[in-house]
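Coordinate analysis (summary)
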Amino acid sequence: MAYEFITTRTEGEKVGIITLNRPKQLNALSPQLMVELGQALKAFDADAAIGCIVITGNEKAFAAGADIGAMATYTFADVYGDDYITRDWETIRSIRKPVIAAVSGFALGGGCELAMMCDFIIAADNAKFGQPEIKLGIIPGAGGTQRLPRAVGKAKAMDLALTGRMMDATEAERAGLVSRIVPLDKLMEETLAAALMISGYGRMAVMAAKESVNKAFEGTLADGVMFERRLFHALFATADQKEGMDAFVNKRAAVFKNQ
Ligand code: HXC
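As annotated in an unreviewed UniProt entry, the protein carries the name enoyl-CoA hydratase and is attributed to Ottowia beijingensis. Recorded under Sequence similarities (unreviewed entry), the UniProt text for the protein is reproduced unchanged: "Belongs to the enoyl-CoA hydratase/isomerase family." Quoted straight from UniProt, the Function (unreviewed entry) entry for the protein says "Could possibly oxidize fatty acids using specific components."

This part takes up the domain arrangement of the protein. Along its sequence, the protein is organised into domain 1 (6-199) and domain 2 (203-250). Distance between the C-alpha centres of domain 1 and domain 2: 12 Å. On the domain 2 side, the residues contacting the 42 residues of domain 1 number 30 residues. Overall, the association of domain 1 and domain 2 removes approximately 3,000 Å² of surface from exposure, summing both partners, and the carbon and sulfur fraction of that is 61%. Scanning the region where domain 1 abuts domain 2 turns up four salt bridges. Of the charged contacts in the structure, one is a salt bridge between aspartate 83 and arginine 230, with a shortest N-O distance of 3.3 Å. Summed over the shared surface of domain 1 and domain 2, the result is 19 residue pairs in polar contact (both at pLDDT 80 or more). Counting residues per element, the ones that place at least two in the side of domain 1 that touches domain 2 are helix H2 (68-71), helix H3 (76-81) and helix H6 (144-152). Broken down by class, the residue content of the side of domain 1 that touches domain 2 amounts to 21 nonpolar, eleven polar and ten charged.

Tallied over the full model, the rule gives 13 salt bridges. Lysine 156 is paired through a salt bridge with glutamate 171; the nearest N and O atoms lie 2.7 Å apart. Of this pair, lysine 156 sits in helix H7 (residues 154-163) while glutamate 171 sits in helix H8 (residues 169-175); the two residues are 15 residues apart in sequence, bridging distant segments of the chain. Overall, the relative accessible area of 12% leaves glutamate 171 in the buried class. Beyond isolated ion pairs, a larger network of salt bridges with shared partners links Lys156, Asp159, Arg165 and Glu171.

A few words on helix H11 (residues 221-235). Count 3.6 residues to each turn of an α-helix, and residues three or four apart come out pointing the same way. Taking 1.5 Å of rise per residue, the 15 residues of H11 would be expected to cover 21 Å, and the 21 Å separating its terminal C-alpha atoms lies within 8% of that figure. Every buried residue of H11 is listed here: Leu221, Gly224, Val225, Glu228, Arg229, Phe232 and His233. Buried residues of H11 fall within an arc of 165° about the axis and therefore sit on the same side. More than 90 degrees from the buried face of H11, the exposed residues found are Asp223 and Phe227.

Parameters and conventions
- Residues numbered from 1 in each chain as written.
- Predicted model: local features only at pLDDT ≥ 70, side-chain atom pairs only at ≥ 80, totals over all residues.
- Heavy atoms only, no water.
- UniProt positions renumbered as here; feature names shortened; annotations may be inferred.
- Domains from an automatic or database assignment.
- Contact = heavy atoms within 4.5 Å.
- Buried area = accessible area lost by both parts, 1.4 Å probe.
- Salt bridge = Lys/Arg side-chain N within 4 Å of Asp/Glu carboxyl O.
- Polar contact = N/O pair within 3.5 Å; in protein donor to acceptor, adjacent residues only side chain to side chain.
- Helix = DSSP H or I, 4+ residues; strand = E, 2+ residues; numbered from the N terminus.
- Nonpolar A, V, L, I, M, F, W, Y, C, P; charged D, E, K, R; others polar.
- Buried < 20%, exposed > 50% of the residue type's maximum accessible area, 1.4 Å probe, protein only.
- Expected span 1.5 Å × (residues − 1).
- Arc of directions from axis to C-beta.

Here is the structure:
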């Protein structure tokens, strides 16, 4: 299938690789990119030859978040009415084969959330993770407030979500967000070695292992994500969201009025 904002290829006819491909926008996750990502994930999941899927970006960015330009004018009616995020962002949760995030550069906001929706993250030594939504007058909306504390604990999750700061690969590994750090020039080699290894194991055992590990986390996650989603939608009713995003788009400092 021809995609505009992603590319796909296979390795050893066993691993499906999806590369996010909006380099000029640091792979900002536009609605169309997310639709394409969902289509590619489903196609690899349905392909009997494929045993593992890798999502990656480029050296500078895995993804710097949801597309702020696209979101900037959304109203509460747009995001709640259209259930923004649920439809296209949650396809990844229905994928039964393992999905590895190979992260180099920025994984921020929705980019960090996308990486956390994968089954595990292999980080290049230049990776930077963060949930900077607070700076835009919103909160994470694709599971960040739920998956980040499960991965790194409450203290660090609060620190990241409330200050909007980034953490580097070393801090992310120490905190448990990433499974390993590799040199940037070895990122794909190491990730593909892991993906090929997984592809060589029994498909049912692999899917069962994935399902079972996820069971350890997902008991109350659905409620948490839905709670988060409604708050995320509600923030599009605030003037501060318009201000935060307009300031970003127009490259000026935001002036929040708490309304
Ligand atoms: C749209 C983005 C973008 C984004 C970067 N760009 N991030 N466009 N949405 N999330 C664009 C910039 O506008 C710029 O376009 C180009 O990519 C290069 O970015 P620069 O800022 O010039 O690069 P740099 O100085 O290296 O700074 C990198 C950065 C910064 C620190 C990552 O771009 C940044 O702070 N980006 C926003 C990160 C963020 O707030 N993410 C969360 C978004 S909200 P031009 O045209 O000027 O070259 C979110 C909510 C998720 O993700 C909710 C669930 C879906």
